[in-house]
Amino acid sequence: MINLTYNTLTGTVALAQPAILKPGHGVPVTLTFSAAPGTVNGLQLALVDDAVPRNLQAFLDVSGWTSGNNSTVYTGTLDVSGALITYMAGKNSATLNLQLTVQINGATIDLPDLPVTVQPQGIPGSPSNAPGELFYTQGQVDALVAPLAPAVNQAEIDVNAGVSSAPLFTATNFALIACKIVAAAGADAYTANYTLPTANVVTGAIAEVNIELPNSGNPAINLYSFTASGAPLSTITNSQPGGAAYWYGRFRFDGTAWHTLFRAFQV
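Being a predicted model, the structure only gives us computed values, none of them experimental.

Caption draft 1: Structural view of the pairing of strand β15 (residues 206-213). Relative to β15, strand β13 (residues 176-183) is paired through seven bridges, and the arrangement is parallel. Bridged to Cys179 within β15 is Val209. Here β15 runs beside strand β18 (residues 245-253); their pairing, made up of eight bridges, is antiparallel. Looking at β18, one finds that Glu208 is bridged to Arg250.

Shown next as structure tokens:
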């Protein structure tokens, strides 16, 4: 609310109390004359900023005032739903200038500016609209926990002839995967190349690989990261072909490639 008092003896205007406005709603305005002023031909109230030239942020024209049966009290509503909202965007508060122009007995009087404080409109977020408890959907939960869970059981890989390049697994988004290769002697010496895929693999994932070799010098099995080229992570052959051999390797994915953590023949 804006309460203005006009001293008819001194021709000065003052705020009855400090005015604090919030944009977005009409602000009631009361202008009280200390005595009957005579014929009031016009009243204009403007809210302006300190720009050069000043910008009009709100305005109450003569048609917006009423006096009822009391010739010393005039009331109106200052519309602050337009330009003032735009002006206050991004501001915590601002001090603007209230300008009053009165026309009494045909004489126009422009009165000195009065400072008013403008604060942001409304409560930031209605309590009735405040979010309650938040819940993940089953799909979201599955997506979150999938990288923490082991991959499903992988089918055993049986090999008895050369393999130029084949993925060791097709599973994705796991924390741990276990793979097993069972090699037969085959008709002749052969090499089988297997790759540990890197697409859609979680950083830090572990791959455990068990290889069973026959009592033969065949085959040679190469394990690669991503593609069967360059130096393999491991090359596994039966160094004592008089009996079967069992090999175990453990690999970790660093986000780009697989690296060997441990490898050994099992006793």
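After presenting the structure, the write-up continues.
Caption draft 2: Focus on the pattern of salt bridges. Throughout the structure, instances matching the rule amount to four salt bridges. For Arg54, the salt bridge is made with Asp113, and the minimal N-O distance between the two is 2.4 Å. With a gap of 59 residues between them, Arg54 in the loop between β5 (40-48) and β6 (56-60) and Asp113 in the loop between β9 (107-110) and β10 (114-118) connect regions that are remote in the sequence. A relative accessible area of 39% means that Arg54 is categorised as partly exposed. A salt bridge links Glu212 to Lys180, with the shortest nitrogen-to-oxygen separation between them at 3.0 Å. One end of the pair, Glu212, is in strand β15; the other, Lys180, is in strand β13, and 32 residues separate them in sequence. Residue Lys180 is classed as partly exposed on the basis of its relative accessible area of 33%.

Caption draft 3: Structural view of empty space enclosed by the protein. Counted by the stated rule, this structure contains one cavity of 30 Å³ or more. Here the largest cavity defines a volume of roughly 30 Å³. Among the elements that take part in the lining of the largest cavity, strand β8 (residues 94-104) stands out by supplying three residues, more than any other. Partitioning the lining of the largest cavity into residue classes produces seven nonpolar, one polar and no charged.

Caption draft 4: Local environment of the sheet that holds β13. In spatial order, the strands read β11-β13-β15-β18-β19; together these five strands make up an open sheet with mixed pairing. Edge positions in the open sheet fall to β11 (157-159) and β19 (258-266), since each of these has one partner strand only. When the angles between neighbouring strand axes are averaged without regard to direction, this sheet yields 20 degrees.

Caption draft 5: Molecular detail of the environment of Thr235. Tracing the backbone shows Thr235 in strand β17 (residues 234-236). When its relative accessible area of 49% is taken as the criterion, Thr235 is described as partly exposed. For Thr235 and Leu100, which are 135 residues apart along the polypeptide, the C-alpha to C-alpha distance reads 93 Å. Among residues more than four places away in sequence, those in contact with Thr235 are Ile221 and Asn222. For Thr235, the side chain forms a polar contact with the side chain of Asn222, separated by 2.6 Å.

Caption draft 6: Structural view of a nonpolar patch on the surface. A cluster of nonpolar residues, Tyr136, Val141, Leu144, Val145 and Leu148, forms a patch on the protein surface that exposes about 520 Å² of accessible area. Within the element layout of this structure, Leu144 appears in helix α2 (residues 138-145).

Caption draft 7: Spatial organisation of the sheet that holds strand β16 (residues 220-225). Across the sheet, which stays open at both edges, the four strands sit in the order β12-β14-β16-β17 with mixed pairing between neighbours. The sheet is open, and its two borders are formed by β12 (163-167) and β17, each paired with just one other strand. Pairs of neighbouring strands in the sheet enclose a mean axial angle of 20 degrees, with direction left out of account. Of the pairings in the sheet, the one linking β16 to β17 comprises three bridges and is antiparallel in character. If you follow Asn222 over to β17, its bridge partner there is Thr235.

About the thresholds
Residues numbered from 1 in each chain as written. Predicted model: local features only at pLDDT ≥ 70, side-chain atom pairs only at ≥ 80, totals over all residues. Heavy atoms only, no water. Pairing = 2+ DSSP bridges. Helix = DSSP H or I, 4+ residues; strand = E, 2+ residues; numbered from the N terminus. Salt bridge = Lys/Arg side-chain N within 4 Å of Asp/Glu carboxyl O. Buried < 20%, exposed > 50% of the residue type's maximum accessible area, 1.4 Å probe, protein only. 1 Å grid on protein atoms, 1.4 Å probe; cavity = no way out; pocket = protein on both sides within 12 Å on 5 of 7 lines; lining within 4 Å. Points joined across faces, edges and corners; volume = space filled by probe spheres on them. Nonpolar A, V, L, I, M, F, W, Y, C, P; charged D, E, K, R; others polar. Axes fitted to C-alpha atoms, helices over the stretch in contact; angles between N-to-C directions. Contact = heavy atoms within 4.5 Å. Polar contact = N/O pair within 3.5 Å; in protein donor to acceptor, adjacent residues only side chain to side chain. Patch = residues over 30% accessible without salt bridge, like charges linked within 9 Å, V, L, I, M, F, W, Y side chains within 5 Å. Areas by Shrake-Rupley, 256 points an atom, 1.4 Å probe, with all protein chains shown as cover.

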